[in-house]
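Single-letter residue listing:
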Amino acid sequence: MNTTINFEELKNEIEIATRIAFKENVERYGKDICAFSLVSDDGAMTVVPYINTTSHLVKMQSENPENIESYEFESAEWFTSGGANTEFNAICKTLCDEIDNDDLDFEAFRNSLFETCTQVLEQLLKENFFHKILSKDILLMFSISDTSESKENLVQWTKRLNTINEGKRFEYYMNDNY
């Protein structure tokens with residue numbers, strides 16, 4: 001892949017940042033949180049946490065009933081992004097620096113980054129990290145902003161991170177909208 005990034009170390013950094021970000025958001029917004037996502041971009045230069053709250057979701061869906069699913073499944077429509085800003089900024093700097101590597105196999109790098117983010121969320125899900133803090137299950141996603149990523153990949157990531165029912169709902173949404 002010709003990268004200087006150690007993806008096991010990056011995975012650990014993303015996991016630590018994700019834990020911090022989620023806890024910071026719970027401190028700010030309480031148990032109203034209903035969804036969490038790590039979001040990257042097609043250029044593989046960013047990883048940013050997003051959260052949605054039930055009150056925001058209900059408000060947006062009631063104001064725009066024709067877009068109910070997009071307010072649930074599109075991280076860009078969610079309540080806010082942020083948390084663990086220092087940690088995620090450092091991760092983004094590392095990624096941006098690596099993109100400048102002339103020998104980089106970009107597709108392999110991009111795919112490894114996206115898989116790493118999904119694995120972090122998967123690991124936290126297996127540990128019941130989110131459930132232990134909120135005493136409920138929430139929607140988990142790995143998303144890519146403004147992407148040409150295949151619908152199949154987006155669906156498979158979401159299915160890996162959620163119940164069978166949630167995975168099917170997301171798949172129906174993707175089939176209707178993409």
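As a reminder, the structure under discussion sits directly above these lines.
From a predicted model like this one, the values you see are computed outputs, not experimental measurements.

A. Inspection of the packing of aromatic side chains at higher detail. What the rule picks out here adds up to 13 aromatic pairs. Where Phe 73 meets Tyr 173, the ring centres are 5.5 Å apart and the plane angle is 35 degrees; that geometry is what we call tilted. On the criterion of sequence distance, the pair formed by Phe 73 in helix α3 (residues 68-73) and Tyr 173 in helix α8 (residues 164-177) is long-range, its members being 100 residues apart. A residue is classified by how much of its surface remains accessible, and Phe 73, at 2% relative accessible area, is buried. For Tyr 173, a relative accessible area of 7% puts it in the buried group. In textbook terms, an aromatic cluster arises when at least three aromatic residues are bridged by ring pairs, as seen for Phe 22, Phe 36, Phe 129 and Phe 130. Sitting over the ring of Phe 129, Arg 19 keeps its end group 5.0 Å from the ring centre.

B. Fine view of the sheet that holds strand β2 (residues 48-53). The mixed open sheet is built from four strands, whose spatial order is β3-β2-β1-β4. The open sheet is flanked by β3 (80-81) and β4 (139-145), the only strands paired with a single partner. With respect to the sheet, helix α5 (residues 106-126) is in contact with β1 (33-41) and β4, its orientation differing from that of β4 by roughly 165 degrees.

Conventions used here
- Residues numbered from 1 in each chain as written.
- Predicted model: local features only at pLDDT ≥ 70, side-chain atom pairs only at ≥ 80, totals over all residues.
- Heavy atoms only, no water.
- Phe/Tyr/Trp six-rings, centres within 6.5 Å; stacked < 30°, edge-to-face > 60°.
- Helix = DSSP H or I, 4+ residues; strand = E, 2+ residues; numbered from the N terminus.
- Buried < 20%, exposed > 50% of the residue type's maximum accessible area, 1.4 Å probe, protein only.
- Lys NZ or Arg CZ within 6 Å of the ring centre and 35° of its normal.
- Pairing = 2+ DSSP bridges.
- Contact = heavy atoms within 4.5 Å.
- Axes fitted to C-alpha atoms, helices over the stretch in contact; angles between N-to-C directions.

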